[in-house]
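Summary of structural features
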Amino acid sequence: MPLRHIETLADDAHAFAYVAGSFELGRALGFFPKDRAGPSGGEQCILAESEFGVPVGFVTFYRADHPNYVGCVWIDLVWVEKTHRRMGVGRAMLERAIAVAESDPEVTRVELGTLSHNMRMQNLARRVGMQASRIDFVREVHRG
Ligand SMILES: CC(C)(COP(=O)(O)OP(=O)(O)OC[C@H]1O[C@@H](n2cnc3c(N)ncnc32)[C@H](O)[C@@H]1OP(=O)(O)O)[C@@H](O)C(=O)NCCC(=O)NCCS
């Protein structure tokens, strides 16, 4: 499956539209937190495309810009079309994103987060050599 590295997602209007649309679908289906923002366009992207150039999945990532995340690349969104799942696309894209991240000598670690029920993503993260390192606890505030 051909993979394409896009340095700045917003520079590729078609890819940006595909990523933003897939994010909305994934959020509606409960794969992404309901209250998080979509892609800004400033992210890097690994795009998987069919032999005809049709997008079938993506990984977005960026250098985290926060004092608690010095040297960290954050893998933000991971998505593979339903028709192309369990074919190694997610793993190939993630391995490529990690290779890009690690080619920067200032990068000391690569992180991602996923919802606690998303076992597929947790399995995939372990497959590419990542280990679970923390658990986030959330208490929703309901008003009115
Ligand atoms: C999670 C997702 C990206 C996996 O992509 P994929 O291309 O199907 O994954 P791969 O075929 O590369 O599989 C790699 C590994 O992931 C794990 N995995 C993938 N699908 C799985 C499933 N349905 N059940 C359990 N483990 C799964 C396995 O460990 C697999 O390795 P193995 O085949 O050697 O056992 C894909 O299911 C997806 O897009 N899901 C919806 C969006 C989503 O959940 N994104 C992550 C939000 S943070």
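You'll find the structure just up there.
Described in the following lines is the structure provided in the data block. Quick caveat, the model's predicted, so the values are computed rather than measured.

1. Side note on the side chain of Thr 60
Tracing the backbone shows Thr 60 in strand 3 (residues 55-63). A relative accessible area of 0% places Thr 60 in the buried class.

2. Details of the sheet that holds strand 2 (residues 44-49)
Within a sheet, each strand pairs with its neighbour through backbone hydrogen bonds, oriented either parallel or antiparallel. Overall, mixed pairing links the 5 strands, which are arranged 1-2-3-4-5 in an open sheet. Either end of the sheet is taken by a strand with one partner, and the two such strands are strand 1 (3-6) and strand 5 (109-112). Strand-to-strand twist of the sheet, defined as the mean angle between neighbouring strand axes without regard to direction, takes the value 25 degrees. Here strand 2 runs beside strand 3; their pairing, made up of 6 bridges, is antiparallel.

3. So, the site of the ligand
Around the ligand, a shell composed of 20 residues is seen, among which Val 78, Val 80, Arg 86, Gly 90 and Asn 118 lie nearest. The side chain of Asn 118 places a nitrogen or oxygen atom 2.8 Å from an oxygen atom of the ligand. A distance of 3.1 Å separates a nitrogen atom of the ligand from a polar atom in the side chain of Asn 123. Spatially, the ligand is embedded in the largest pocket. Broken down by secondary-structure element, the contributors of at least two residues to the shell around the ligand are strand 4 (72-80), helix 2 (89-102) and helix 3 (119-127). Ranked by residues supplied to the shell around the ligand, first place goes to helix 3 with 5 residues. For the shell around the ligand, a count of residues per class yields 9 nonpolar, 6 polar and 5 charged.

4. Details of the layout of surface pockets
Reported here for the largest pocket is a volume of approximately 2000 Å³. Along the wall of the largest pocket there are 48 residues; nearest its centre are Leu 112, Thr 114, Asn 118, Met 121 and Gln 122. Mapped onto the lining of the largest pocket, the elements with two or more residues apiece are strand 4, helix 2, strand 5 and helix 3. Counting residues per element, the lining of the largest pocket draws most heavily on helix 3, at 8 residues. Looking at side-chain class alone, the lining of the largest pocket contains 22 nonpolar, 11 polar and 15 charged residues.

Scoring rules and cut-offs
- Residues numbered from 1 in each chain as written.
- Predicted model: local features only at pLDDT ≥ 70, side-chain atom pairs only at ≥ 80, totals over all residues.
- Heavy atoms only, no water.
- Helix = DSSP H or I, 4+ residues; strand = E, 2+ residues; numbered from the N terminus.
- Buried < 20%, exposed > 50% of the residue type's maximum accessible area, 1.4 Å probe, protein only.
- Pairing = 2+ DSSP bridges.
- Axes fitted to C-alpha atoms, helices over the stretch in contact; angles between N-to-C directions.
- Near = heavy atom within 4 Å.
- Polar contact = N/O pair within 3.5 Å; in protein donor to acceptor, adjacent residues only side chain to side chain.
- 1 Å grid on protein atoms, 1.4 Å probe; cavity = no way out; pocket = protein on both sides within 12 Å on 5 of 7 lines; lining within 4 Å.
- Sits in = over half its atoms within 2 Å of the grid points.
- Nonpolar A, V, L, I, M, F, W, Y, C, P; charged D, E, K, R; others polar.
- Points joined across faces, edges and corners; volume = space filled by probe spheres on them.

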